[in-house]
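Okay, here's what each chain looks like letter by letter:
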Amino acid sequence: MTETATGVLRDVVDGFFAVTDTAILWYFLVINSCNLLITLLGSRDVIRTLRRAPVAGHDDAAASRFTPPISVIVPAYNEEAVITEAMRAMLLLRYPRFEIVVVDDGSTDGTLERLREAFDLVEVEHVVPREIPSRGDVESVHLPRTSSLPLVVVRKQNGGRADALNVGIDLARYPLVCMVDADSLLGPEALLSAVKPLMDDPTRTVGCGGVVGIANGCVVRAGRVVEVRMPRESVVRIQTIEYLRAFLLGRTAWSRLGGLLIISGAFGVFRREAVVEVGGLDPDCMGEDAELVLKLHRSMRDRRRDYRIVFVSEPICWTEAPPTARILARQRRRWHRGLTELLLKHRRMIANPRYGRIGLLTLPYYVVFELLAPLIEVAGLVLVPLGVALGAVNVAFLWHFLLLAYGLAMVVSLVAVAAEEFAFHRFTRWRDTADLMVASLIENLGYRQFLAVAQLRGMWDALHGSQQDWGVMTRKGFAPAGSKQGGER
Amino acid sequence: MTTVLTSSVFLLCTLLAVMVLGLLVVVIRSIRLLEERLRAARAAPLRGLLIELVCEDDEEESAALRRLTGLDQRRWEALEPTAAAMLGKVTGRGRDALVELFERRGAVEGALAGLRRRGTLRRARSAELIGELGHEPAAPALLPLLDSRDPDLRAVAGRALGRLGDVNAVPALLDRLDGHRRIPPAVATSALIRLGPVALPAIRAGLGHRDAVARAVALDALASLGDREATDVVAGVLRDDPSPEVRVRAAHAMGFLGTRDALEPLLDTVDPAHPLDLRVAAAEALGILGAVRATPRLTALLRDPSHRVAAAAGDALLRIGPAGHLALDFSARGADGPRAAAYARAAIAAGDRGTGP
């Protein structure tokens, strides 16, 4: 009797491991195949776009009175270390007519003072339109005392990044708004590149995202990246390949498929009117940037409007990536919490034909291959070796798992490196290219697993509604070429 | 046994893919670097000749032109991108010399042949070069590109047609703002403006186009070219066009045309009975027009319940000049109520610092 019970139990355990491990194996095969397809599609588009850049007509747009004016919104919280240099660089952007609206979100450091000193600001009378609701009241508006620099500095009560952006959009004078992080370094043609799709198709295009690259290790002069180099820290090197594969090629491919979901908060251009119509960004959502894009999709589809939200693959914007594993884990925990909240909030859109490609393609993909990926990854890491240890699955199966989960992922990353070398060739030194290739191989050996755990914690935070933690990003700042990097922020 | 075999095949394929991709990166990089070095080495000693060509006097210019014309094909191919980039940046005699150089090198014939090639990029580059060279006889060869399946090629052709100065291109440019194979409105507007006053009759005819975007583009072009004779027609568009966006453009055009006849139609258009966007545009246009007679109406608009209208009125009063500034000062002191005072003060603050409209 006991032997029979043990046998049955053994069969159940074997059956459990056989089913779950096989499911995990198939999951990794499908996710990596999808990623490979997306990377190839993105590579094709990036190469095509960059080859055509010389005939894109930027010179005409830069000189035309009919290029739509744009308000660049820069939310700032305790950014005294970089804000002045960042604004000086932004004021030199090549674009016919623009203004920069810096929104100081109740900084406790000298952000406003630094700006006041650098640009001789003076407080002026203002009217807040209140077309978008905001939490923190505007305390004061400042303009340069005598110069005609197109700079507006708004001081408001602390309300978070999304709230600061909402106030900036509310006060923006121009029909296009560009949301930029205070620590973002923009290329001189950034606005021209990002506005082009909105000029080319003015009646349909409501938003455009731009490429965000990692600035760590790069040579920066006067707020501009003048030479692209690989960072020294391994954790940042791996992020470089991650940005290249997922954020550049991935988003380019989703844009081509008409299902772009994420426009990075570091750089994105939108029609102000469209953002106002959806009530601006949601200050309660951790992933407010993606939430805005999804809200735009939803609003446009609900009203049966013909519209486009696109991504441009020309190099546009550089930002500092988390330099340590601890900060990176915190960032990814926040990102995954944001994704979970976003998908829960808009769950009605998932697999809903009413929302077209976003509902039927993008959102299901994000649920299965982004939201659940860390869960399956951790499950695979636990269950497959356990199944082997218990003799429920054989060693050959473990090999299959490793090859499909990680070997194929390495191939996907190397395809991205090849695309970067063919299309952008931004890295001038051989050693940087070699580092990039090594990073694409070691990404799967510890880094991914480490992130999966952080992401699971983010998902847990979202499901349990724990208090939002915006996190403190310890940054080194961008130093001029030839000097040591600046002090921590 | 089968499982072990499958695992081995998987492993082998993965390793092979990693090696092939790694090798591919190295090969791509090596070829690119080699090409770049060769091109730079060939072009470097010749750049001085290009500078001589565009900057020096007749004699040295002629000498430089002769030497550049006589270059072998390889060295010219290395130098051509620099010369082509200079074409868009220099004017006057320097530009004429560059155009002559390209013509002597057979660039026009080459570009015309390039328009018939298969590759989209090659055709786009050829169209761009023809536009830069301003080779007017090439206009008929460019027109079919406006129907290309490729949007970038259509846009390049549109821009090039504007540079060639052939007014026969106007109807084609306006027609391609409608349908599946469209050109960007900004490209069409710039092209029409580049064609200049000689194209005004054809552009005016565009105000009756069936497509609203084409009418809007025609209005922008007329305004930019300062076609004062069109004021009455534009006023009719402002009043009667079925498209709200076209009426907005008409309002702005009235402001830029700057005739006395523009005042009354614009004053009528700021009336609350009209759509909000149109009222804002009319208020802005009154500022651009700079008519002192608009001051009382604009001052009254500072009290408008719409933020956009009130703000536009403040900006417009700034633009009008001393009379507008005086009105803003009165309003800022509360003469027209607290709402008007707030908008007047905000406008004055922006105006004092040169950040106004």
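Definitions and cut-offs
Residues numbered from 1 in each chain as written. Chains lettered and ligands numbered in written order. Predicted model: local features only at pLDDT ≥ 70, side-chain atom pairs only at ≥ 80, totals over all residues. Helix = DSSP H or I, 4+ residues; strand = E, 2+ residues; numbered from the N terminus. Rg over C-alpha atoms; globule rule 2.2 N^0.38 Å. Buried ≥ 20, exposed ≤ 12 C-beta atoms within 10 Å, placed from the backbone. Contact = placed C-beta atoms within 7 Å. Domains from an automatic or database assignment. Nonpolar A, V, L, I, M, F, W, Y, C, P; charged D, E, K, R; others polar. Pairing = 2+ DSSP bridges. UniProt positions renumbered as here; feature names shortened; annotations may be inferred. pLDDT = per-residue confidence, 0-100. Expected span 1.5 Å × (residues − 1). Axes fitted to C-alpha atoms, helices over the stretch in contact; angles between N-to-C directions. Parallel < 35°, antiparallel > 145°, perpendicular 65-115°, else oblique.

Caption draft 1: Layout of the overall build of chain A. On a plain count of helices and strands, chain A comes out with 14 helices and 12 strands. Taken over the C-alpha trace, chain A has a radius of gyration of 24 Å; the compact-globule value for 489 residues is 23 Å, and the two agree within 12%. Judged by the C-alpha coordinates and their principal axes, chain A covers about 95 × 50 × 45 Å. For chain A, the proportion of its 489 residues judged to be buried stands at 52%.

Caption draft 2: Summary view of the environment of Val122(A). Residues and elements named next belong to chain A. In this fold, Val122 is placed in strand E3 (residues 121–124). For the pair Val122 and Leu40, spaced 82 residues apart in sequence, the C-alpha to C-alpha distance is 52 Å. Discounting residues that sit within four places of it in the chain, Val122 has contacts with His142, Leu143 and Arg145.

Caption draft 3: Main features of the interface of chain B and chain A. Across the boundary between the two partners, chain B contributes 42 residues, which contact 42 residues of chain A. Of all the secondary structure elements, the ones that give two or more residues to the side of chain B that touches chain A are helix H1 (2–55), helix H6 (120–133), helix H8 (151–164), helix H10 (185–195), helix H12 (212–225), helix H18 (307–320) and helix H20 (338–352) of chain B. The biggest single contributor to the side of chain B that touches chain A is H1(B), with 15 residues.

Caption draft 4: Broad picture of helix H5 (residues 161–171) of chain A. The element H5(A) is extensively covered by neighbouring structure, given that 11 of its 11 residues are classed as buried. Among all positions of H5(A), only Arg161(A), Ala162(A), Asp163(A), Ala164(A), Leu165(A), Asn166(A), Val167(A), Gly168(A), Ile169(A), Asp170(A) and Leu171(A) are buried.

Caption draft 5: Representation of the domain arrangement of chain A within the structure. Residues and elements named next belong to chain A. As far as domains go, chain A holds domain 1 (24–68 + 183–467) and domain 2 (72–174). Between the C-alpha centres of domain 1 and domain 2 there is a distance of 28 Å. The partner domain 2 presents 25 residues to the 24 residues of domain 1 that form the contact. Elements that contribute at least two residues to the side of domain 1 that touches domain 2 include exactly helix H2 (58–63), strand E7 (185–186), helix H6 (190–200) and helix H8 (272–277). Grouping the constituent residues of the side of domain 1 that touches domain 2 by class yields 13 nonpolar, 5 polar and 6 charged.

Caption draft 6: Examining the pairing of strand E4 (residues 138–144) of chain A more closely. Residue and element names in this part refer to chain A. In the sheet, E3 pairs with E4 via 4 bridges, with the strands oriented antiparallel. Paired with Glu123 across the strands is His142, a residue of E4. Where E4 lies against strand E5 (residues 151–156), 4 bridges are found, and the strand directions are antiparallel. For Val141, the partnering residue across the bridge sits in E5 and is Val154. In this antiparallel pair of consecutive strands, E4 and E5, the connection spans 6 residues.

Caption draft 7: Representation of the pairing of strand E12 (residues 308–319) of chain A within the structure. Residue and element names in this part refer to chain A. Within E12, 11 of the 12 residues are buried, leaving the element largely enclosed by the surrounding structure. In this sheet, E12 lies alongside E7 in antiparallel orientation, the contact comprising 2 bridges. Paired with Leu186 across the strands is Cys317, a residue of E12. For strand E8 (residues 205–214) and E12, the ladder comprises 9 bridges, and the chain directions are parallel. Looking at E12, one finds that Gly209 is bridged to Phe311.

Caption draft 8: Here's a closer look at the sheet that holds strand E11 (residues 267–271) of chain A. Residue and element names in this part refer to chain A. Read from one edge to the other, the open sheet built from 10 strands follows the order E3-E4-E5-E2-E1-E6-E11-E8-E12-E7, with strand pairing classed as mixed. Because the sheet does not close on itself, it has two edges, and the strands there are E3 and E7. Bridge count between strand E1 (residues 70–76) and strand E2 (residues 98–105): 7 bridges; the pairing is parallel. Across the sheet, the residue bridging to Pro75 is Val103, located in E2.

Caption draft 9: Spatial organisation of the UniProt feature "transmembrane region" (unreviewed entry) in chain A. Cross-referencing UniProt, the feature "transmembrane region" (unreviewed entry) maps to residues 24–42, 355–376 and 396–419 of chain A in the present numbering. Within residues 24–42 of chain A, the helical portion is 100% and the strand portion 0%, while the C-alpha atoms at the span's ends are 26 Å from each other.

Caption draft 10: Inspection of the confidence of the model for chain A at higher detail. Of all residues in chain A, 95% attain a pLDDT of 70 or more, and the chain-wide mean is 88. Across residues 481–489 of chain A, where pLDDT falls below 50, the model places 21 contacts with residues more than four positions away in sequence or in other chains.

Caption draft 11: The environment of Pro144(A), seen in detail. Take Pro144(A): it is sitting in strand E4. When the C-alpha atoms of Pro144(A) and Glu291(A) are compared, they prove to be 34 Å apart, with 147 residues separating the residues in sequence.

Caption draft 12: Main features of the environment of Pro69(A). Tracing the backbone through its elements, the reader meets Pro69(A) in the loop between H2 and E1. Beyond its immediate chain neighbours, meaning those up to four positions away, Pro69(A) contacts Arg97(A), Phe98(A) and Tyr174(A).

Caption draft 13: Spotlight on the confidence of the model for chain B. Looking at chain B as a whole, the pLDDT averages 90, with 97% of positions reaching at least 70. Two summary scores accompany this predicted model of the complex, namely pTM at 0.88 and ipTM at 0.85.

Caption draft 14: Spatial organisation of helix H14 (residues 244–257) of chain B. All names here are of chain B. When the terminal C-alpha atoms of H14 are compared, their 20 Å separation across 14 residues agrees well with the 20 Å that a helix rising 1.5 Å per residue should span. Counting buried residues in H14 gives 12 out of 14 residues, a clear majority hidden from the surface. For H14, the set of buried residues is Val246, Arg247, Val248, Arg249, Ala250, Ala251, His252, Ala253, Met254, Gly255, Phe256 and Leu257. In the core, the buried residues of H14 are packed alongside H12, helix H13 (231–240), helix H15 (263–269) and helix H16 (276–289).

Caption draft 15: Summary view of unusual backbone geometry. All names here are of chain A. Despite not being glycine, Arg304 has its phi angle at roughly 55 degrees, a positive value. Taking the C-beta count within 10 Å as the criterion, Arg304 has 8 such neighbours and is therefore assigned exposed. The backbone of His425 shows a phi angle near 35 degrees, a positive value even though the residue is not glycine. With respect to the helices and strands, the residue His425 is situated in the loop between helix H13 (395–424) and helix H14 (430–464).

Caption draft 16: View of the packing of helix H7 (residues 234–256) of chain A against H13(A). All names here are of chain A. Viewed as axis vectors pointing N to C, H7 and H13 meet at an angle of 80 degrees, and their least axial separation amounts to 9 Å. By the angle between their axes, H7 is roughly perpendicular relative to H13. Contact residues: Ile241, Leu244, Arg245 and Leu249 in H7; Val412, Ser413, Ala416, Val417, Ala419 and Glu420 in H13. When the residues that make up the contact of H7 with H13 are grouped by side-chain class, the tally is 7 nonpolar, 1 polar and 2 charged.

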